[in-house]
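The lines below spell out each chain.
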Amino acid sequence: MQTGSPYRPRVSRETRLLLAAGVMAVAALWLLARIRFPERPVTPNPVPSVLSQLATGPKYDDLASEIAQLHARLQPSLLTLDAPSGVVGSVPTAPRRTAIRLRDDLAVTLIPSGSDRNDASILGFDAASGLALVRVSSPVTTLPLVPWTPRQPQQSRYLVATDVSPNGVSLRPVFVGSLDPAESALWSDPLWVVPMHTDLAPGSFLFTSSAELAGLVIANSGRLALVPGATVLAEAERLLATP
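Criteria and cut-off values
- Residues numbered from 1 in each chain as written.
- Predicted model: local features only at pLDDT ≥ 70, side-chain atom pairs only at ≥ 80, totals over all residues.
- Heavy atoms only, no water.
- Helix = DSSP H or I, 4+ residues; strand = E, 2+ residues; numbered from the N terminus.
- Expected span 1.5 Å × (residues − 1).
- Contact = heavy atoms within 4.5 Å.
- Pairing = 2+ DSSP bridges.
- Axes fitted to C-alpha atoms, helices over the stretch in contact; angles between N-to-C directions.
- Buried < 20%, exposed > 50% of the residue type's maximum accessible area, 1.4 Å probe, protein only.
- Core = buried A, V, L, I, M, F, W, Y, C linked by side-chain atoms within 4.5 Å.

A.B. asks: Help me get a handle on helix H3 (residues 60–74), residues and values and all.
C.D. replies: The end-to-end C-alpha separation of H3 is 21 Å, in line with the 21 Å expected for 15 residues at 1.5 Å each. Residues of H3 that are buried make contact with strand S1 (78–82), strand S6 (157–165), strand S7 (168–176) and strand S10 (205–207).

As structure tokens, then:
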């Protein structure tokens, strides 16, 4: 009885060409994605990211779900504080303001101009910028905040802004058309000026969808600007080290 090599079915030429065309198409889509979305990190396996771009775009329910997950992740670091009592002149103060925790018992916030800054809970205060460190009476365990550094500041993007609600701090998406650098004598580093009609309010904190601290919204020369997250954290540490 004569034995030979096991039978191996040959792959047809058409099948090989089809597989090669598929690999080339995926590679081309990956290359186009790198050109179109340069801020996204490069993944070792490009197939899932390419396939995700071919899927149906996100819906409003998906956006709401993503913000809900982000809120659950950031909730220990978000809190509202009563505005300092007293008003100087005719400048009104908001009844409550947003703050973020730097550590379990310490938070940073922006005190509006014209408010009474002689509050016993204020541990550090910069009279020029309005940035203040506040002692928090109900300490909780929090994760350290990670500042965000954009690769292309002038690219349009969605960020997530804090807002005061009856039950604490809520989050909402905000479309930011661009972030244009601008110098300011009140801050050690350049600010990012946002377009004129961006739906933001001074004192709000901005985050990315990855829970990175994008910055603090302030009023700057009649425009809204964003103090970068790294600058906010650095200034807070400076105030903490100042007697």
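Moving on from the model shown.
A.B. asks: Could you give me a rundown of the sheet that holds strand S9 (residues 191–193), with the residues and numbers involved?
C.D. replies: In spatial order, the strands read S7-S6-S10-S11-S12-S9-S8; together these seven strands make up an open sheet with antiparallel pairing. In this open sheet, the two strands that pair with only one neighbour each are S7 and strand S8 (180–182). Averaged over neighbouring strand pairs, the angle between their axes works out to 35 degrees when direction is ignored. With two bridges joining them, S6 and S10 adopt antiparallel strand pairing. When the bridges of S10 are listed, Ala 161 appears paired with Leu 206. Strand contacts of helix H4 (residues 229–241): strand S11 (213–220) and strand S12 (223–228), with the helix running at about 70 degrees to S12, the strand carrying the most contacts.

A.B. asks: Account for the sheet that holds strand S4 (residues 122–125), naming residues and giving values.
C.D. replies: The pairing of strands in a sheet comes from backbone hydrogen bonds and takes either a parallel or an antiparallel form. On the basis of which strands lie adjacent, the open sheet formed by five strands has the order S1-S2-S3-S5-S4 and antiparallel pairing. Each of the sheet's edge strands pairs with one partner strand only, and the pair in question is S1 and S4. Each strand axis lies, on average, 35 degrees off the axis of its neighbour in the sheet, ignoring direction. Of the strand pairs in this sheet, strand S3 (residues 106–110) and strand S5 (residues 131–135) are connected by five bridges, and their pairing is antiparallel. Bridging from a neighbouring strand, Leu 110 pairs with Leu 131 of S5. Contacts from H4 reach strand S2 (96–103), S3, S4 and S5 within the one sheet, and its direction differs from that of S5 by about 60 degrees.

A.B. asks: Before we move on, could you go through the pairing of S12 and cite the residues and values that matter?
C.D. replies: Buried residues dominate S12, accounting for five of its six residues. Relative to S12, S9 runs antiparallel, the two sharing two bridges. Note on S12: the bridge partner recorded for Trp 192 is Leu 226. Pairing of S11 with S12 involves six bridges; the strand directions are antiparallel. If you follow Gly 215 over to S12, its bridge partner there is Pro 228. In sequence, S11 turns back onto S12 through a hairpin of two residues, with Ser 221 there showing a positive phi of about 55 degrees.

A.B. asks: Give a description of the side chain of Ser 77 that names residues and reports values.
C.D. replies: Mapped onto the elements, Ser 77 comes out in the loop between H3 and S1. The class of Ser 77 is buried, set by a relative accessible area of 5%. With residues near it in sequence (within four places) discarded, Ser 77 still touches Ala 99, Ile 100, Arg 101, Thr 142, Leu 143 and Leu 145.

A.B. asks: Tell me about the nonpolar core, and name the residues and values.
C.D. replies: Within the largest apolar cluster, 29 residues are counted, with the highest numbers of intra-cluster contacts made by Ile 100, Phe 207, Leu 216 and Ile 218. Here the element with the most residues in this core is H4; it accounts for four residues. Sequence-distant contacts of Ile 218, that is, excluding residues within four places in its chain, are made with Leu 110, Trp 187, Leu 191, Pro 202, Arg 223, Leu 224, Ala 225 and Val 227. Counting residues in each nonpolar core, the second largest holds 14 residues, with Val 176, Val 194, Ala 214 and Leu 224 among its members.

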